[in-house]
Amino acid sequence: MSDIVVVGGGIVGLSIAWRLVSRGADVTVLDGGDEGAAWPVAAGMLAPGGESEHEDPALIRLMERSADRWPDFAAELGVGVGYDDAGTLSLAMTADDLAGRARVWTRQALPLLRPSELRELEPALSVRVRAGVFSSRERQVDPRKVVSALRERLGARIVPKRVTAVSDVDARTVVVAAGCGTAALTGLPVRPVKGQVLRLRGEPGLVRHVLDAAVDGREVYVVPRADGEVVVGATQEERTDLTVTAGGVHELLRAALDLVPALAECELTETTAGHRPGTPDNAPLLGRLDDRVVVAAGHFRNGILLAPVTADLIAELVLTGEADPMLADFSPGRF
Ligand code: GLY
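Computed from a predicted structure; not experimentally measured.

Turning our eyes to something else, we now look at helix H2 (residues 57-77). Compared with an ideal rise of 1.5 Å per residue, which puts 21 residues at 30 Å, H2 spans 30 Å between its outermost C-alpha atoms and is within 8% of the ideal. Of all the bends found along H2, the most pronounced is centred on Trp70 and spans about 40 degrees, while Pro71, a proline, follows it within four residues. Within the sequence span of H2, burial applies to Ala58, Leu59, Ile60, Leu62, Met63, Ser66, Ala67, Arg69, Trp70, Phe73, Ala74 and Leu77. Buried positions along H2 lie against helix H1 (11-22), strand S3 (45-46), helix H3 (95-108), helix H5 (143-154), strand S14 (285-288) and helix H8 (303-320). Backbone geometry just after H2 places Gly78 at a positive phi near 80 degrees.

Under the criterion given, the structure shown has two aromatic pairs. When the centroid spacing of 5.5 Å and the interplanar angle of 80 degrees are considered together, the rings of Trp18 and Phe73 count as edge-to-face. In this pair, Trp18 sits in helix H1 while Phe73 sits in helix H2, placing the two residues 55 residues apart along the sequence. Side by side, Trp18 and Phe73 carry an identical accessibility label, which is buried. Taking the centre distance of 5.0 Å and the plane angle of 80 degrees together, the rings of Trp70 and Phe73 count as edge-to-face. In this pair, Trp70 and Phe73 both sit in helix H2, three residues apart, roughly one turn of the helix. Each member of the pair, Trp70 as well as Phe73, carries the same accessibility label: buried.

What follows covers the sheet that holds strand S2 (residues 27-31). Taken in spatial order, the six strands of this open sheet run S7-S2-S1-S8-S15-S14, and their pairing is mixed. Each edge of the sheet is formed by a strand with only one pairing partner; in this case those strands are strand S7 (158-160) and S14. Within this sheet the neighbouring strands show an average axis-to-axis angle of 20 degrees, counted without direction.

With respect to the secondary-structure elements, Asp31 resides in strand S2. Owing to a relative accessible area of 12%, Asp31 belongs among the buried residues under this scheme. A polar contact is formed between the side chain of Asp31 and the backbone nitrogen of Gly33, at a distance of 3.0 Å. Ignoring anything within four residues of it in the chain, the contact list for Asp31 reads Gly9, Arg151, Ile158, Val159, Pro160 and Lys161.

Now for the side chain of His209. For His209, the location among the structural elements is in the loop between strand S9 (191-201) and strand S10 (210-215). Take His209: its relative accessible area is 8%, and that puts it in the buried class. For His209, the side chain forms a polar contact with the side chain of Glu122, separated by 2.8 Å. For His209, the residues in contact, after removing those within four places along its chain, are Ala86, Gly87, Leu89, Leu121, Glu122, Phe134, Val222 and Pro224.

This brings us to the packing of H1 against H2. Two elements in contact, H1 and H2, have axes whose closest approach is 13 Å; the angle formed by their N-to-C orientations is 70 degrees. With respect to H2, the element H1 is oriented roughly perpendicular. Of the residues in H2, those in contact with Ser15, Trp18 and Arg19 of H1 are Arg69, Phe73, Glu76 and Leu77. For the contact of H1 with H2, the class distribution of residues is three nonpolar, one polar and three charged.

Definitions and limits used
Going along each chain's sequence as written, the residues are numbered from 1 onward. For this predicted model, a pLDDT threshold of at least 70 governs which residues receive local features, and a threshold of 80 or more governs which side-chain atom pairs are given and counted, while totals over whole chains, interfaces and linings are taken from all residues. With hydrogens and water set aside, each side-chain value is computed from the structure's full complement of heavy atoms. By the criteria applied, helices consist of DSSP H or I runs no shorter than four residues and strands consist of E runs no shorter than two, each listed in order from the N terminus. By this rule the span expected of a helix is its residue count minus one, scaled by 1.5 Å. Take the seven residues that end at a residue and the seven that start at it, fit an axis to each, and the angle between those axes is the bend at that residue. Relative accessibility decides the category of a residue: with a 1.4 Å probe and only protein chains considered, values under 20% of the type maximum give buried, values over 50% give exposed, and everything between is partly exposed. Throughout, a residue-residue contact means that at least one pair of heavy atoms, one from each residue, lies within 4.5 Å. When two rings of Phe, Tyr or Trp (its six-membered ring) have centres within 6.5 Å they constitute a pair, described as stacked for plane angles under 30 degrees, edge-to-face for angles over 60, and tilted for the intermediate range. Here the rule is simple: two strands pair whenever DSSP picks up at least two bridges between them. Between the N-to-C directions of two axes lies an angle of 0 to 180 degrees, each axis being a line fitted to C-alpha atoms and, for a helix, fitted only over the stretch in contact. Two N or O atoms count as a polar contact when they lie within 3.5 Å, although within protein this holds only if one can serve as hydrogen donor and the other as acceptor, and sequence-adjacent residues are included solely when both atoms are side-chain atoms. Angles below 35 degrees are treated as roughly parallel, those above 145 as roughly antiparallel, those between 65 and 115 as roughly perpendicular, and all remaining angles as oblique. The residue classification treats Ala, Val, Leu, Ile, Met, Phe, Trp, Tyr, Cys and Pro as nonpolar and Asp, Glu, Lys and Arg as charged. All others, Gly included, are polar.

Function cannot be inferred from these measures alone, as they are strictly geometric.
What follows is the structure, encoded as structure tokens:
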């Protein structure tokens, strides 16, 4: 067995392992499989502003640092991972939707765009869209391509194995990055938050901005990729099952088609559900649990965004014993 074992083969565990390997460490990843994982479902929005309903300044700083790291992280992977900097339109369909978004938009200090300006940027938007803002900092990546690139780079260092107790892992240091599985391994409060997500394919006339919208009180995002895939998400349900429901699909399609009517002509290619790993404050758990065990889990809606900064901070902690001051607010011991 290696000096360092990472328990968890999702995007967070693989990113940590890869950062450790690139710094010369001897690492094994124990991968318990993808059942219920968030990354295969995730749209890959890199949204330090749009996803932060909670305004915890430390979490916003962490998200912004990771967003800034993404261009290099994607480039380092050396293959196309769908990193796309076309930016995001955050949109409101009605006056009530606008009131709901106003606080985040004010904090981001982005100029409000009129419907005509929005349709200049994305002509396929519904004529009902009332207002929006453009954020060039909020981007996208394709999580499936990222994980496949990380798997390729780590190769035989990844061993398929479901761990049931950290005490069974023979290593000097164990990094638990097991998403929702972290709760059973450590006793930390990580809960599954179900998200249903759809994938469409076609040519709805979108220019490739991520659309993140409030539509008649419903939240929806539409993420068009350069290869013709359009991801529509996501429900947010405090449920442990992974059933794709008629109601979930209906809710997402109704909001997405209200926002971009031409999506009605696309093929519906995939309906999926995954579990986001949530914590009591929905901020991640990053840091030392004891002398041997380090935790990196509970990234909730931001696992893809936070992968690069998590990898940097955890690798530094494991290799030098030094905890970056940024970790102080995310201590696993805070609950
Ligand atoms: N980050 C998007 C989601 O969790 O639905």
